[in-house]
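# Chains, contacts and geometry: an overview
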Amino acid sequence: MLDVQRYRGAVYRDEVNFARKVMWGHMILGAVVITLFLFHEVFTWFAGAMGWYALSLVAMYGFMSEKPVCRMLLAVVFLGGSMAGLYFINRVFPGLQPLRGPLIPLSFIPIWVGAANLCYGAGTLLLLFSGKIRRAGSVGFTLW
């Protein structure tokens, strides 16, 4: 029984390693986005990003636990984050006036929000169309 558990995902080792890299990338990039909203002192978007990140971690846990619907849910959460970033750049950022000097200048916002939008858009496409990600989710895996 222990050998079965130990080598459960051995057939899909490359796929699992790829999926782990994608999940770790999301965990790091999501934390960076939250931190940058905090440092720019955009507190309502900071709170929204915290909620989005918590929802994505729940969906990510379900995906890693062999629940196929959670892969689609995680893709929808990634797409929602990317769309929220586009809304922020087009509607919120032009009218953003800091009360005092933030820790990081506001001119840096379009750079990191745009990069995060591209990364999460690519992540959405990976989750929806990558066979490697789908196979890794079908055998289940952990982050280490």
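Just above, that's the structure.
For the structure given in this document, a descriptive report is provided here. (Residues numbered from 1 in each chain as written. Predicted model: local features only at pLDDT ≥ 70, side-chain atom pairs only at ≥ 80, totals over all residues. Heavy atoms only, no water.)

## Some thoughts on the overall build of the protein chain
Helix and strand content of the protein chain: six helices and zero strands. In sequence order, the secondary structure elements of the protein chain are arranged as α-α-α-α-α-α. Taken along the three principal axes of its C-alpha coordinates, the protein chain extends 60 × 25 × 20 Å. In the protein chain, buried positions account for 39% of the 144 residues. (Helix = DSSP H or I, 4+ residues; strand = E, 2+ residues; numbered from the N terminus. Buried < 20%, exposed > 50% of the residue type's maximum accessible area, 1.4 Å probe, protein only.)

## Description of the side chain of His-26
Within the fold, His-26 resides in helix 2 (residues 13–39). Not counting residues up to four positions away in its chain, the partners in contact with His-26 are Trp-52, Tyr-53, Ser-56, Leu-57, Met-60, Phe-78 and Tyr-120. (Contact = heavy atoms within 4.5 Å.)

## With respect to helix 6 (residues 131–139)
Residues of helix 6 that are buried: Gly-131, Ile-133, Ala-136, Gly-137 and Val-139. Buried positions along helix 6 lie against helix 2, helix 3 (43–64), helix 4 (68–92) and helix 5 (109–129). Gly-140 sits one or two positions beyond helix 6 and adopts a positive phi of about 75°.

## Regarding the pattern of salt bridges
Evaluation of the coordinates by the stated rule reveals one salt bridge. Between Glu-15 and Arg-135 there is a salt bridge, with the nearest N and O atoms lying 3.2 Å from each other. With Glu-15 in helix 2 and Arg-135 in helix 6, the pair connects residues that are 120 residues apart, well separated along the chain. (Salt bridge = Lys/Arg side-chain N within 4 Å of Asp/Glu carboxyl O.)

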